[in-house]
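A look at the structure
What follows is the residue order along each chain.
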Amino acid sequence: MTQQPSDEDSCRERRALLLKLNTAAWNGQTDLFKVSSSLDSSLKKNTAFIKRLRTSINADSKSALLKEVSTLSLEKYLSEIISAAAEGLSKCRLANDIWAAVELISALHQRFNKAFTPTLMLYLLRGFGGPNLPHLASLTTEQRDKEENSRITRQRGLLRLLTEFWLCGIARTSEDARLVADETAESKPQFRKSSHPHARHELTGEPIPLEVLRELLGTDTKEYLYLPLASAFVKSFGTEILGVSKKKSERQQLNEDGAIINTGQNAAAVVHIEGIEGVMSEKLREQFCSVFKSYFFSLSVFLVKQHRSIKEQEKRNDAAYMRSGKILEDRKAEFEKIMKLEERMIANTQILADALDENMPILLDDDVKDQVGSGASFTFSRGGSTVNGENGNVGIWEDEDQKKFYEDLVDLRLRVPQEFFEVGKKKESDKVESKPSSSELIDEDFETDDILLDDTAFVENDEKDESLAIPNQSIGAQVDLVTLRLQEMATREVVDQIAIDFCFLNSRASQNRLLRALQAVPKTRQDLIPFYARLIATLNRNIPDIGNTMVEYLQKEFRSLLRSKTISGSGIPGRGVIEARARNIRYIGELVKFNVVPTHVSFNCIKLLLDRFGRSEIETLSNLLESCGRFLLRNEETQASMEQILQVLWKKKTSQNMDARERVMLENAFYFVNPPNRPAIAQKERSVIEQYIRKLIYVDLNNESYPHVLTQLRKLHWEDLETKRAIDKAFAKIWKVKYGNIHLMAVMAGSLVKYHQDFIVQLVDSILESIRVGLELNMFKYNQQRIAQARFLGEMYNYRLVDSKTIFDTLYTMVGYGHENGRPQPGIYIPLDVPDDYFRIRLVCSILETCGSYFDQGAVRKKLNLFLTVFQYYAFTKRTPLPMEVEFDVHDLLQSLRPEMKVCKNLDEAAEQVTKAMAEAYKDVELNVGQSREGEEERELVNDGDEEEEEAEEEEDEELATAAEQKVESASDSASNSASESTSESDSGSDEDDGEEKEEEEEAEEDHGRSKEPVVDEEFDREFSKMLAESLESRKFEKLATFDVPLPMMKQQKYSIVNMTGRRQSEDENHELVAHTGPKPSMQFRVLTKRGKRQQVHTVAVPDDSAIAVSTRMKQKVEQEERQRIKRYVLNYERNSQ
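Computed from a predicted model, the values in this text were never measured in an experiment.

Here helix α36 (residues 839–851) crosses helix α38 (residues 884–897) at 30°, and the two axes come no closer than 10 Å. Between α36 and α38, the angle falls in the class roughly parallel. Between α36 and α38 the crossing geometry is left-handed. Taking contact as the criterion, the partners of Ile841, Arg842, Cys845, Leu848 and Glu849 in α36 are, on α38, Glu885, Val886, Asp889, Val890, Leu893 and Leu897.

Turning our attention to the environment of Met665. Note on placement: Met665 falls in helix α28 (residues 660–673). Classification of Met665 by relative accessible area gives buried; the value is 16%. Expressed as a C-alpha distance, the spacing of Met665 and Asn623, which sit 42 residues apart in the sequence, is 9.2 Å. If sequence neighbours within four positions are ignored, Met665 has contacts with Ile618, Glu619 and Ser622.

With that settled, the discussion passes to a nonpolar patch on the surface. A surface patch of nonpolar side chains, amounting to about 430 Å² of accessible area, comprises Phe1020, Phe1024, Met1027 and Leu1028. By the element assignment, Phe1024 lies in helix α43 (residues 1014–1034).

With that settled, the discussion passes to a negative patch on the surface. Residues Asp399, Glu400, Asp401, Glu407 and Asp408 make up a contiguous surface patch of negative charge. Within the fold, Glu407 resides in helix α16 (residues 400–407).

Of all hydrophobic cores here, the largest spans 78 residues; its most connected members are Leu120, Phe165 and Phe292. Looking at this core element by element, the count peaks at 9 residues for helix α14 (residues 282–324). Apart from residues no more than four positions distant in its own chain, Leu120 is found in contact with Ile82, Ala85, Ala86, Leu89 and Ile105. The next biggest cluster of nonpolar side chains, apart from the first, holds 75 residues, and it includes Ala537, Phe594, Leu609 and Trp650.

What we call a disulfide is simply a covalent bond connecting the sulfur atoms of a pair of cysteines. Summed over the entire model, instances satisfying the criterion amount to 0 disulfides. The closest cysteine sulfur to the non-disulfide-bonded Cys605 is located on Cys628, 8.9 Å from its own sulfur. With relative accessibility at 4%, the residue Cys605 sits in the buried group.

Let us now look at the pattern of salt bridges. Counted by the stated rule, this structure contains 36 salt bridges. For the salt bridge of Glu590 with Lys593, the shortest nitrogen-to-oxygen distance reads 3.5 Å. You can see Glu590 and its partner Lys593 sitting in helix α24 (residues 575–593), 3 residues apart, about one turn around the helix. Like Glu590, the residue Lys593 is buried in the burial classification. The residue Arg1125 makes a salt bridge to Glu1122 at a minimum N-O spacing of 3.0 Å. In this pair, Arg1125 and Glu1122 both sit in helix α45 (residues 1107–1137), 3 residues apart, roughly one turn of the helix. A residue is classified by how much of its surface remains accessible, and Glu1122, at 9% relative accessible area, is buried. In this structure, a network of salt bridges that share partners links the residues Glu398, Arg630 and Arg634.

For the protein, per-residue confidence averages 74 on the pLDDT scale, and 72% of positions sit at 70 or higher. Confidence drops under a pLDDT of 50 for residues 185–204, and excluding neighbours within four residues, the segment shows 28 contacts in the predicted structure. Contacts from residues 1042–1077, a stretch scored under 50 in pLDDT, to residues over four places away or in other chains number 57 contacts.

A few words on helix α20 (residues 492–503). Taking 1.5 Å of rise per residue, 12 residues should cover 16 Å, and α20 covers 17 Å from first to last C-alpha, within 8% of that figure. Within α20, burial applies to Val495, Asp496, Ile498, Ala499, Ile500, Phe502 and Cys503.

Here we come to the environment of Tyr922. Relative to the helices and strands, Tyr922 resides in helix α39 (residues 907–952). For Tyr922, a relative accessible area of 35% corresponds to the partly exposed category. As for Tyr922 and Arg1125, which are separated by 203 residues in sequence, their C-alpha atoms are 9.9 Å apart. Setting aside residues up to four positions removed in sequence, Tyr922 forms contacts with Glu1122, Ile1126 and Tyr1129.

Look at α36: 19 Å from first C-alpha to last across 13 residues, which is about the 18 Å you get at 1.5 Å a residue. Extensive coverage of α36 is indicated by the burial of 11 of its 13 residues. Of the positions making up α36, those classed as buried are Phe839, Arg840, Ile841, Leu843, Val844, Cys845, Ser846, Ile847, Leu848, Thr850 and Cys851. Looking at the buried side of α36, the elements it contacts are α33 (757–777), α34 (783–798), α35 (804–816), α37 (858–877) and α38.

A few words on the packing of aromatic side chains. Scanning the model with the defined rule gives 22 aromatic pairs in all. Ring geometry for Phe233 and Phe292: centres 5.6 Å apart, planes at 20°, overall stacked. Of this pair, Phe233 sits in helix α11 (residues 227–242) while Phe292 is found in helix α14, placing the two residues 59 residues apart along the sequence. The residues Phe233 and Phe292 share a single accessibility class, namely buried. Ring geometry for Trp650 versus Tyr671: centroids 6.0 Å apart, planes at 75°, classification edge-to-face. Here Trp650 is found in helix α27 (residues 639–655), whereas its partner Tyr671 is found in helix α28, with 21 residues between them in sequence. Residue class for Trp650 comes out buried when judged on its relative accessible area of 15%. On the basis of relative accessibility, which here comes to 39%, the residue Tyr671 falls in the partly exposed class.

Let's shift gears to the packing of α20 against helix α22 (residues 529–540). At a closest axis distance of 10 Å, the pairing of α20 and α22 adopts a crossing angle of 45°. With respect to each other, α20 and α22 are oriented oblique. For the crossing formed where α20 meets α22, the hand is right-handed. Contacts from Arg492, Val495, Asp496, Ile498, Ala499, Phe502 and Cys503 in α20 reach Phe531, Arg534, Leu535, Thr538 and Leu539 in α22. Of the residues contributing to the contact of α20 with α22, the split by class is 8 nonpolar, 1 polar and 3 charged.

Let us look at unusual backbone geometry. Residue Pro881 is reached from Thr880 by a cis peptide bond, and omega for that bond is 0°. Here Pro881 is to be found in the loop between α37 and α38. Positive phi values are uncommon outside glycine, yet Asn595 reaches one of about 60°. Tracing the backbone shows Asn595 in the loop between α24 and α25 (599–612). Residue Asn595 is classed as exposed on the basis of its relative accessible area of 59%. Residue Arg800 is not a glycine yet carries a positive backbone phi of 65°.

Attention now goes to the side chain of His819. Position of His819 relative to the elements: it lies in the loop between α35 and α36. At 3.0 Å, the side chain of His819 and the side chain of Asp833 are in polar contact. When residues no more than four places from it in sequence are discounted, the contact partners of His819 are Pro824, Gln825, Ile830, Asp833, Arg840 and Tyr874.

Procedures and definitions
- Residues numbered from 1 in each chain as written.
- Predicted model: local features only at pLDDT ≥ 70, side-chain atom pairs only at ≥ 80, totals over all residues.
- Heavy atoms only, no water.
- Axes fitted to C-alpha atoms, helices over the stretch in contact; angles between N-to-C directions.
- Helix = DSSP H or I, 4+ residues; strand = E, 2+ residues; numbered from the N terminus.
- Parallel < 35°, antiparallel > 145°, perpendicular 65-115°, else oblique.
- Left-handed = near helix turned anticlockwise from the far one by under 90°.
- Contact = heavy atoms within 4.5 Å.
- Buried < 20%, exposed > 50% of the residue type's maximum accessible area, 1.4 Å probe, protein only.
- Patch = residues over 30% accessible without salt bridge, like charges linked within 9 Å, V, L, I, M, F, W, Y side chains within 5 Å.
- Areas by Shrake-Rupley, 256 points an atom, 1.4 Å probe, with all protein chains shown as cover.
- Salt bridge = Lys/Arg side-chain N within 4 Å of Asp/Glu carboxyl O.
- Lys, Arg positive; Asp, Glu negative; His and termini not counted.
- Charge placed at Lys NZ, Arg CZ, Asp CG, Glu CD.
- Core = buried A, V, L, I, M, F, W, Y, C linked by side-chain atoms within 4.5 Å.
- Disulfide = S-S within 2.5 Å.
- pLDDT = per-residue confidence, 0-100.
- Expected span 1.5 Å × (residues − 1).
- Phe/Tyr/Trp six-rings, centres within 6.5 Å; stacked < 30°, edge-to-face > 60°.
- Nonpolar A, V, L, I, M, F, W, Y, C, P; charged D, E, K, R; others polar.
- Polar contact = N/O pair within 3.5 Å; in protein donor to acceptor, adjacent residues only side chain to side chain.

Here's what the structure looks like:
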C-alpha cells in the first residue's frame, strides 16, 4: 500500500486508484488484495488485532494493521471486526488518521467486500442518530452542552469518513445498509422521517453523504446545531463536490472582464476532477449545492433575528447599568455566552457564503432610531469619526499628550516596596456597614439645613482631628510638606513624584490628611483639578481606599449642593453655591476620564440636572459636558447613552424659553461634545521616491544618522528628473526641516557639491531668491520660513558654499531694500519696511549669529565692522524704543562679534559713526585705486630700464655700485610706511600694506570660500603638510645664522622723473645733467640694521629726483586730494540727511 498523499494532486490520484480497486471488489473480483499463502488463525493474534482495531486506527499503526489483514484468518471473527472497526472509526479526527482508516477499510473491503462493507455502513449510519432526549433532560446545562458538543464532533468525523469512503468506492448508497438491516431483522435504519420538505426524498440511489446531509441539515431549522458540521464538510470537500475552485476562478474572471467567461482552461480543470473522482457528476454537484443553499438561506434569516435580539439585550443591559451601576452575574454570563455563539455562527456562515458564492446577511449594529425633537437630526462622533464613517478615526483623546496624561499612569509597585501598600488598608472587620448601591444613594433623601461653603464643609465624621494625628512627628511633617506641594503640580512628572513620595509615608492618618487636602480645592485654582484627579487615579490603583472615599465624598457633596438654597429666599442659588457646584462637577468629570468614578455616576448626575433644568442646573450641566462629555460620547461603552442624552438636551433647549446666556452655554457645551463635521483634508499624492526622500530628511535626519542619509541621497538616480526635483524641493524648502538640523543640511550640501555642482548652484540661487521674495511680500505667516532661510544661508557660508560677498550683499539688501537709494531714513514710511516692523533685524541677527564669528581677520573684518555700524544706524531708524527682545538680540550680537565696538545710544550718535566708517572705507578704496595705477606705471618703467642696463653694463665696479644702490632702494621701499609717517601724518598706508591686506582677504576667502577642485586641494594639503614636517625634522638641530648685513653704500647717480630706475642715462641726457651745478635737494629715510642682537637705525639721504622720493610725493598728493573729496562728500551727505 502507498503512503498518505501529501498534496491535492496526489490525493486525487490515490482516490482514483482506490476507487478502481474498490469498484472491482463490489463487482466480485477477489484477487485485489494480496494475502499470505498460510493465514494465521490463532485466537491470540486475532483478538489482539480486534483490540487494536477498536482503539488505535491512526497513521502510526496503519502499517501493522495492514500487515495483519494480509496474514491473519479473519473470517471467523468478522462480526467482532465490524463492530470494532465502527468504534475505532468514530474516534478518528485528524486528516492523517482518516487517510489511514481509508487505506485500512479499503483493504478489508477488497478482501471481504459484501460480507464486511454493508454491515460497517449500517454501524456508521447509526452514529448519525439524534440525541437521547430523556437522557439529556436529566443532565445539567453544562453537562447537556458538553454532551451536544461531543456528539456534533463525533458526527463531523463520521461524515468526513463516509464521504471519503464514497469517493474511494467503499460506500455507495444506503440501500446496502438496508439489505443488511432486513437480513438481521431490524425494521429500518436509524434514520427518522422528518416533516421538513427536503427530507421527503426517497433515499434509493443517492450517495450516502448526500442522504446524510439532506437528513441532518433538513431537520436543523431551529437551533442550527449542525452548522459546524456543514462548514467542516465545505472546507474539506468544497473543491471535489461543490466545485469551489471552479466558481472562484469564474468569479475572478468576472471581476477582471465584466462577464463570466468559461475558458477552456477552466473546463479542462473540471473534466480533470471528474476523471479522477469518477463518482461525481454535474447533477450530483447541483444536488449537493441545493441542500447547502437551502440551509444557508434559512440560516441567514435566523442569524439576522438572533443579532437583533442580542442588540436588544445589550440595550437592556446598558439601561440596567445606568440605573444601578451593575449587571446581574447570571444575565452577564448568559449574554457573553450568546455573543460567543454568535461569533462562531458568523464565522461558519462566512465559510458557507464563500463556498456557495453567496452574500453574507447584513447585520446592523444599531437600528434606525427615531430622532427626538422637532425635526432635529444629528450625526454623532465615534472616536473622531461620524457614524456613517465619513472621517478618520482619531480615538477618544484629542492628541497624544492628552492620551498620555489620562492613560499612562505610573506603576507604583515598580517604585515602592509592597509593604508600604498594606499599611493604610482598612480591615474587613472595621467595615460595619456595607456601602449602598448608587441608585439608593441617588434616591436617598438628604436634609441640609445650613450648607457651609468653605472647602471643609463635607469632611466625614471619621476624619476628625483624632484620625489626622500621626504619632511620629517627623512623618507628619513630611506628609504636610507633600500636601503643600499639591498646589505646585503643573506636569505629569511632578504628580507622579508626589504619588511616589506619599507611598513611603502611607498610613491611615496620612491618607486622611491627603484626602482632606484633595477635597479642599482652592477656589481660584480650578486648573489644579486635572492634576488632583491624576494623583487620585495613580494612588487608587494600589491604595483603593483613597479613590473610594473620594468618590463617596464627591457624590454626597453634589447631592447636597443640588438641594441647597440661597439664604436670601429669592429661590435662586447664590454665586458661592454655583461656584462650589462647578468645582465639584469638574472634579467628577476628571475622575470619570481616569475611570475612578463609574460612568453610571456621571449619567445619574446628568439625569438629575436634566430633570430640574433650571438656570443654575444649566450652568452645572454645561460644566459637566465640557469636562467629560466628549469622553463619554467617544467611548464605545457609553456612546449610545450619551447620544440619547444629547438629543434630550437639544429637545429641551428648543422647547423651553431660555435667555440668551443659557442658550449660548448649552450650544457651546453641545458642540464641544459633538463638534460639527468638517470635510477631510485631501492628502497630497506623492511618488514613492519623493516619500522616501522626505522620510530621510524630515524624519531620519539627526546628528548620528546624517552620514547614512547622505549616502542614501548619493545613491539616488540623479539623472532622473523626478528624483532631482524631489531633492531640490527638500533642500529648498528648508523651513520644513527641524530647526536644529539646518546645519546638517548644509553639511550634506557641502558634501554633494563635489559631485553635483549644478545642484548647489541652483540651491543657492533658490535660497537667495526666496529671501528677496520674503522682503518683497513681508507677510507675517512667512516669518518662520524666512528665519530658516537666513539660518541656512549662514550655514552655507560656514561650509564653503557661498563667499563673503554674497553674505554682505544679502545683509545690505535686508537693511536697505525698499528704501530710497537703498538708504534707510528715520521718519519716512516705507510700505515694505514699516517703522514698527523689526523682523529684518531678526533676520540680520540670525545670519550673523550663524556665520559672523568667521569674519575676524583681514578685509572681511573691516567689512563686518562697517556693516555693524550701518546696522546700528538702521535699528535706530525704527520706532524707538526697540522691543526688549529685539534690543537684547542686537546687544548680544554686538557683544559676541565685536565686544570692543562702541554701542550707539541714539540716532545722532549712530549717524556720526556711520559717517566716520564710510569716510575711512572710501579713503581705503581710493588709495588702493591710485596705488594700483602707480604700480602699473612703475613696472613699465622698470622693464624699460632693465633692457637698457643689460645693453650698457660693462664694468664690474659699476655693477657692484648698482647692486648696492638696489639694496638701498629695497630697504627704503620696505620702510616707506615709517618714513611717510615721519614726514606727513596723513600717510596711512603703503604698497606693502596694501599687499598684506589683499593677501589677508584672499586667505580669509580661501578659508571660507568654496574650492573649485576640492579633491586636488585635499591632495595638495596632504603633500604640503608632509613636506613641511620633513623640513622641520631636517632643520631641527641646524644652528641659526646671525643677521649681519652691512650698511649699503650710496652711489651718486642722476635720476629723472622720466627714468626712475637709477640706471645709466644716454649720452645726450648726460650732457644735459652735467650742465646743472650746485647741491641737489634730498629726502631723509631711516634704515634699520642689526648686528648680532643689537639693532641700529641709520639716516639715509635719498636724492629728491630718485624713484622712491618721487613715489612718496605722488602718494602725498593723491591723499591730499582724497581728503578734500571725502570732506565734500560728507558735508553733502549730512545736508541730505537734514
